[in-house]
Amino acid sequence: MKVAISGAGINGLYLALKLSKIGNKVTVFEKNGKIGKETCSGLFSEKILDFIPEAKNLVQNKIDFVLIRFPRKTLKVKFSEIFFVMDHAKLDSLVAGLAKEAGVEIILNHPVNLIPEGFDRVLGCDGPFSQIRKSFGQKDSKMRIAIQGILSKKDSSNFVETWPTKKGFLWKIPRGENIEYGIIDDPITCQKNFNDFLDKNDLKLENIKSAVVPADFFMPKSKKVALCGDAAGLTKPWSGGGVIWGLLAADLLLKNFPDFLEYQKAVETLFLPKIIFSRIITRLVYFFGFNIPWILPRSFRIDGDFLKIFKKNTF
């Protein structure tokens with residue numbers, strides 16, 4: 001089949017690679033002049049290697065747990081899997097190279113504003129402002145803002161620190177050669193909360209960047225057109241991360257290709273219950289953490305991709 005993919009992010013490139021390998025003629029249209037998402041922490045569970053084994057050479061640091069620092073209590077949350085710190089832009093470039101080797105045509109500086117004609121299937125992997133999504137009458141997804149910057153100081157610690165805000169959180173991620181600080185929060189308060197945090201901790205960051213994070217899941221009912229990744233709002237409600245969720249959805253698409261209706265049904269079956277459950281859990285943890293923190297255990301273990309909570313663990 002002739003397949004058009006709008007967006008050369010990790011989801012679009014992964015789908016292009018896999019679809020080309022099974023005999024389809026794939027064209028990827030990218031609005032920017034280069035490949036690589038630069039505003040992203042690149043913190044992925046080890047599941048990333050199940051999808052892209054070649055990414056093992058991109059690992060900058062390994063993370064075992066996170067400290068959640070509420071004002072009156074710190075929670076220590078162990079991950080059931082190791083998390084890797086990677087450069088997201090380099091990950092995109094790696095998969096783009098693999099896709100080209102598999103015969104995929106990638107066209108840069110080519111924004112897609114309407115559903116492309118002359119293709120048997122069209123995939124919208126064009127991010128939070130997806131034009132493919134808008135073609136179904138959907139407005140832009142609900143958004144949060146993410147801001148990140150770098151402190152030039154080596155740190156290979158095996159844990160992340162976070163500081164919850166009312167509608168998001170701040171973070172510190174050791175990247176080996178440097179340290180990343182950032183925030184994901186409501187668009188109205190995000191910049192002020194980040195500036196206040198930097199001032200309070202006397203932090204002077206370099207290379208500060210920002211991006212929007214979608215938070216509104218949507219799957220069109222179409223036999224010819226499908227969405228994946230940020231375009232579908234497939235991001236974890238508690239963290240805003242979307243790479244593993246997007247790749248899991250991509251594998252569902254590949255499993256059901258070319259039947260997009262079955263793909264859309266499979267994605268809703270897998271993710272809708274998890275989205276609802278994780279939103280409830282996140283709100284409860286925030287409520288207890290800010291108001292009655294003593295009710296929360298000091299340590300526990302979770303699946304960092306699905307917020308599955310295991311029995312209380314001490315370590």
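The notes below deal with the structure included here. (Residues numbered from 1 in each chain as written. Predicted model: local features only at pLDDT ≥ 70, side-chain atom pairs only at ≥ 80, totals over all residues. Heavy atoms only, no water.)

## Comments concerning the nonpolar core
The tendency in soluble globular proteins is for nonpolar side chains to be buried side by side. Membership of the largest hydrophobic core comes to 85 residues, with the highest contact counts inside it found for Ile-5, Leu-15, Ile-48, Ile-52, Leu-123, Tyr-263 and Val-267. In this structure, Leu-123 is in contact with Val-3, Ala-4, Ile-5, Ser-6, Leu-15, Leu-19, Ala-226, Leu-253 and Phe-260, ignoring residues within four places of it in sequence. The next biggest cluster of nonpolar side chains, apart from the first, holds 12 residues, and it includes Tyr-181, Ile-183, Phe-194 and Leu-203. (Core = buried A, V, L, I, M, F, W, Y, C linked by side-chain atoms within 4.5 Å. Buried < 20%, exposed > 50% of the residue type's maximum accessible area, 1.4 Å probe, protein only. Contact = heavy atoms within 4.5 Å.)

## Description of the pattern of salt bridges
Under the criterion given, the structure shown has 15 salt bridges. Put simply, Lys-47 and Glu-81 hold a salt bridge, and the shortest N to O gap is 2.6 Å. Of this pair, Lys-47 sits in the loop between β3 (43–45) and α2 (48–51) while Glu-81 sits in strand β5 (residues 73–85), and the two are 34 residues apart along the sequence. Beyond isolated ion pairs, a larger network of salt bridges with shared partners links Lys-47, Glu-81, Lys-236, Asp-303 and Asp-305. (Salt bridge = Lys/Arg side-chain N within 4 Å of Asp/Glu carboxyl O. Helix = DSSP H or I, 4+ residues; strand = E, 2+ residues; numbered from the N terminus.)

## Some points on the sheet that holds strand β2 (residues 25–29)
Spatial strand order, β6-β2-β1-β7-β13: five strands in an open sheet with parallel pairing. Both outer strands of the open sheet, β6 (105–107) and β13 (225–227), are each paired with one neighbouring strand and no more. Within this sheet the neighbouring strands show an average axis-to-axis angle of 20°, counted without direction. Inspection of the sheet shows strand β1 (residues 2–6) paired to strand β7 (residues 121–124) by four bridges, in the parallel sense. (Pairing = 2+ DSSP bridges. Axes fitted to C-alpha atoms, helices over the stretch in contact; angles between N-to-C directions.)

## So, unusual backbone geometry
Most peptide bonds take the trans form, and the phi angle of most residues other than glycine is negative. Each neighbour pair has its own omega, and for Phe-257 with Pro-258 the value is 5°, a cis peptide bond. Located in the positive-phi region is Asn-109, a residue other than glycine, with phi close to 55°. As for its position among the elements, Asn-109 is in the loop between β6 and β7. A relative accessible area of 56% means that Asn-109 is categorised as exposed.

## Structural notes on the environment of Ile-5
Take Ile-5: it is sitting in strand β1. The exposure class assigned to Ile-5 is buried, which follows from its relative accessible area of 0%. Sequence separation of Ile-5 and Pro-164 is 159 residues, and the distance between their C-alpha atoms is 37 Å.

## Focus on the packing of helix α6 (residues 243–256) against helix α7 (residues 260–291)
Packed helix pairs are characterised by how far apart their axes lie and by the angle those axes make with each other. With their axes 8 Å apart at the nearest point, α6 and α7 run at an angle of 150° to one another. By the criterion of interaxial angle, the relationship of α6 to α7 is roughly antiparallel. Between α6 and α7 lies a crossing whose hand is right-handed. Along the contact surface, α6 presents Trp-245, Leu-248, Ala-249, Leu-252, Leu-253 and Asn-256, while α7 presents Phe-260, Glu-262, Tyr-263, Ala-266, Val-267, Leu-270, Phe-271 and Ile-275. (Parallel < 35°, antiparallel > 145°, perpendicular 65-115°, else oblique. Left-handed = near helix turned anticlockwise from the far one by under 90°.)

## Remarks on the pairing of strand β10 (residues 169–174)
The buried fraction of β10 amounts to six of the six residues, a majority that puts the element mostly inside the structure. Where strand β9 (residues 159–164) meets β10, four bridges bridge the pair, whose relative direction is antiparallel. Across the sheet, residue Glu-161 finds its bridge partner in β10, namely Lys-172. Adjacent in sequence and paired antiparallel, β9 and β10 are bridged by four residues. Pairing of β10 with strand β11 (residues 179–185), which is carried by six bridges, proceeds in the antiparallel orientation. Looking at β11, one finds that Leu-170 is bridged to Ile-183. Connecting β10 to the next strand, β11, in antiparallel fashion are four residues, including Gly-176 with a positive phi near 90°.

## Observations regarding the packing of aromatic side chains
Evaluated as defined, the whole model comprises 15 aromatic pairs. Aromatic pair Tyr-286 and Phe-290: ring centres 6.1 Å apart, planes at 65°, arrangement edge-to-face. Residue Tyr-286 and its partner Phe-290 are both found in helix α7; the two are separated by four residues, about one turn of the helix. According to the relative accessible area criterion, Tyr-286 is buried, its value standing at 19%. Taking relative accessible area as the criterion, Phe-290 reaches 29% and is therefore assigned partly exposed. Seen from their ring centres, Phe-287 and Phe-288 are 5.6 Å apart, and the 65° between their planes marks the pair as edge-to-face. Given a relative accessible area of 21%, Phe-288 falls into the partly exposed group. Directly above the ring of Phe-119 sits Lys-2, whose terminal nitrogen or CZ lies 5.4 Å from the centroid. Over the face of the ring belonging to Phe-306 we find Lys-274, whose NZ or CZ atom lies 5.3 Å from the ring centre. (Phe/Tyr/Trp six-rings, centres within 6.5 Å; stacked < 30°, edge-to-face > 60°. Lys NZ or Arg CZ within 6 Å of the ring centre and 35° of its normal.)

## Considering the environment of Phe-70
In this fold, Phe-70 is placed in strand β4 (residues 61–70). Phe-70 sits in the buried class, given a relative accessible area of 4%. Once the C-alpha coordinates of Phe-70 and Pro-293 are considered, the two residues, 223 residues apart in sequence, prove to be 8.1 Å apart. Discounting residues that sit within four places of it in the chain, Phe-70 has contacts with Leu-75, Pro-164, Val-285, Tyr-286, Gly-289 and Phe-290.

None of this, on its own, says anything about what the molecule does.
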